[in-house]
Amino acid sequence: MGKANDVQFERASARIWDRLYPYLSILPAFIIIALFTVYPFVYAVRISFFQNILTKPRSHPFIGLQNYEEVISSYYFRNALSVTALYAFAVVLGVLIFGLGVAMLLNSNIRLANPLKIIILLPWAIPTVVAGLMWKWILNSDFGILNGILYSFGLISSYIPFLANPTLAKLSLVMAHIWKEGPLAAIFFLAGLQLIPKELYEAAKIDGGGGWRLFRYITLPLLRPITLIVIVYETMTAILVFDLIYVMTGGGPADSTALLSWFAYAEIFKSLNLGHGVALAIIIALITLVLILMYLRLLKTEEINT
Amino acid sequence: MNKKVRRSLNTVLLNILAILLIVYIIGPFVWMAAASIQGENELLKKPPNLIPENPTLDNYNYVFTGKIPTAYEVKGQIRSRISQEARLIGPAVKNSFIVAISVMTINLFFGTPAAYAFARLRFRFKNPSYSFILASRLMPAMAIAIPYYVIIRTFHLLDTYLSLIMVNSVITLPFTIWFLTMYISNIPREMEDAGLVDGCTPFQALTRIVVPMMAPGLVAAGAFAFMTSYNEFLFARFLTQTIDTQTGPVIIASIAGNPDVSYSLISVCVTLGLIPPLILAISMRKWLTEGLSASVTYH
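Small disclaimer: the values here were computed from a predicted structure and weren't measured.

All right, on to the overall build of chain B then. Scanning chain B from terminus to terminus reveals 16 helices and zero strands. Dimensions of chain B, computed from C-alpha atoms along their principal axes, come out at roughly 80 × 75 × 35 Å. Split into buried and exposed, the 299 residues of chain B put 45% on the buried side. Considering only contacts in chain B between residues 6 or more positions apart, those separated by 24 or more positions represent 77%.

Time to look at the nonpolar core. With 166 residues, the main nonpolar core has Leu259(A), Ala281(A), Ile284(A), Ile252(B) and Cys269(B) as its most contacted residues. Per-domain counts for this core show at least three residues from each of domain 1 (1–48) and domain 2 (66–305) of chain A. Residue contacts for Ile284(A): discarding those within four places in its chain leaves Ile239(A), Leu260(A), Ser261(A), Ala264(A), Pro140(B), Met142(B) and Ala143(B).

To continue, consider unusual backbone geometry. Not every positive phi belongs to a glycine, and Asp255(A) is a case in point at roughly 60°. Mapped onto the elements of the fold, Asp255(A) is located in the loop between helix H12 (243–248) and helix H13 (260–269). Residue His156(B) is not a glycine yet carries a positive backbone phi of 55°.

Listed per partner, the contact involves 75 residues of chain B and 72 residues of chain A. Sorting elements by how many residues they give to the side of chain B that touches chain A places helix H1 (residues 2–36) of chain B first, with 15 residues.

Attention shifts here to the packing of helix H12 (residues 215–231) of chain B against helix H16 (residues 285–297) of chain B. Between two packed helices, what matters for the description is the angle formed by their axes and the separation of those axes. Residues and elements named next belong to chain B. Between H12 and H16, whose axes approach to 9 Å, the crossing angle comes to 90°. For the element pair H12 / H16, the angle class is roughly perpendicular. Taken together, the residues of H16 that come into contact with H12 (itself represented by Pro-216, Val-219, Ala-220, Ala-223 and Phe-224) are Trp-287, Leu-288, Glu-290 and Gly-291. Across the contact of H12 with H16, the residue classes break down as seven nonpolar, one polar and one charged.

The next subject is the domain arrangement of chain A. All names here are of chain A. Taken as a whole, chain A is organised into domain 1 (1–48) and domain 2 (66–305). One C-alpha centre belongs to domain 1, the other to domain 2; they are set 41 Å apart. Domain 1 puts four residues into the contact, and the matching count from domain 2 is seven residues. Looking at the side of domain 1 that touches domain 2, its residues break down into three nonpolar, one polar and no charged.

This part takes up the packing of helix H6 (residues 89–120) of chain B against H12(B). Residue and element names in this part refer to chain B. Contact geometry for H6 and H12: axes closest at 8 Å, N-to-C directions at 140°. Comparing the axis directions of H6 and H12 gives the class oblique. Note that H6 runs across H12; the crossing there is right-handed. In contact with Ser-96, Val-99, Ala-100, Val-103, Met-104, Asn-107, Leu-108 and Gly-111 of H6, H12 contributes Leu-218, Ala-221, Gly-222, Ala-225, Phe-226, Ser-229 and Tyr-230.

Parameters and conventions
- Residues numbered from 1 in each chain as written.
- Chains lettered and ligands numbered in written order.
- Predicted model: local features only at pLDDT ≥ 70, side-chain atom pairs only at ≥ 80, totals over all residues.
- Helix = DSSP H or I, 4+ residues; strand = E, 2+ residues; numbered from the N terminus.
- Buried ≥ 20, exposed ≤ 12 C-beta atoms within 10 Å, placed from the backbone.
- Contact = placed C-beta atoms within 7 Å.
- Core = buried A, V, L, I, M, F, W, Y, C linked by C-beta atoms within 7 Å.
- Domains from an automatic or database assignment.
- Axes fitted to C-alpha atoms, helices over the stretch in contact; angles between N-to-C directions.
- Parallel < 35°, antiparallel > 145°, perpendicular 65-115°, else oblique.
- Nonpolar A, V, L, I, M, F, W, Y, C, P; charged D, E, K, R; others polar.
- Left-handed = near helix turned anticlockwise from the far one by under 90°.

Structure representation (structure tokens):
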């Protein structure tokens, strides 16, 4: 009798455990993530409705949307917005061309494809601040190695101040960004290329397709989903870029590289206006959110079409 | 004949492109390493030597033992460019390691059961909680960095490993869970079903049957978590204050921020700081590439 009871009890508790088990297994991760994203975000939204200037620690009056109004109507915001848009466009285009080109090289049967496969991940694997720093020294206007090489070959007669000229500074940032982010896109495109059945190319060749036509009518259309992923991922990375600017240009010269996230940082740590900075950070979050929603829509229509 | 010529011309062109690409990719690394074994006076020459003329390990010696490199004793002026801070790179890399290894452990320890539940088990709120975890990754760091700083300060946890480990776990866990969920979904179910019929609990099925089969996925997920937290800069910049917790990227950025810094000592710091991720990237290349490829081609 007692034994049967024990067995029944054991079964019941086993059933409860089985019921609870899924919740227990996601709980720790779920709590850590929820605690450190939801709460800080709510807190950030709250801060953005109050005046919060770090030099006046005792007065935080509620000012509604004034932080947002002040930020949006400032010259710096318009500047940051256009610089960010330009930067994002250049970087996304650059990473797409670089990624696709490198992926096709890696996928080709040339002998150098193998060493390339070994080193391609290296820029991706290192901290962005360090990547920016290496490029900053290479581009240095007084003793940078790039100037040194160009000078030794007689391509320039005097050293070029790459990071002190607004246009060259932007170009330098874009080039360093492509160096850091391009390899990931290359790996993504390579994965896509390897999924394309070889028979497709063979069939097209029998039908008389040449190199460009194969690329245009087989490779590109079949890479569309991955291209979309890369575009969205890279747009987000470009809008949120901070580390590179922090080490390479500090937003200068003359705000020519002051992107939105740098502007948010400068509002907090240079102008010491926490309310402005956080309002900006939330605006950035909203912009990325809109982009992600657009992306999800695009992906959905993509799935319907195929 | 014409076709043959064109084909070989094509190959030559592709090889030239590949060489240019190799130079672009590893050039900065090679130059950093080359600069780290030169004296400051040689680096400041116009133009500098591409190949070091008098290679020396003095700069490394200074970072490890504090012995002033002879190249600096020549000119009094240059001597002032030696920044004491360069000697902090050793402890900083140690801090990065402690944080990264803890984060990796937390990821595998909590991420694996969560991924298993999402991939295999049925329970209420499964889809919303999964979507929430994935969506949390889309929050821009800048938006939560300041509030996070304020919260950490209120709990007196600034400048502790704990705060860094927490924030890096939050950053990495969503990717780990998503990645491992995909990985488990792609493992055939038969073995587990057999185990469950034989009276295994889901937890036993996970630890005894699934975990051994998903070892490559765990290695890749662990490597991603390690690298992300080893490289993280923004939060580490806010949350650390002294060398007790400052990580490699924070120290390197801070040394470089000093306008008078010695170029060769920075190169030493960068070279030393990059050794761990570069070794990891090369030795785990296969798993990392497969993991990254899977993240865009699996569904």
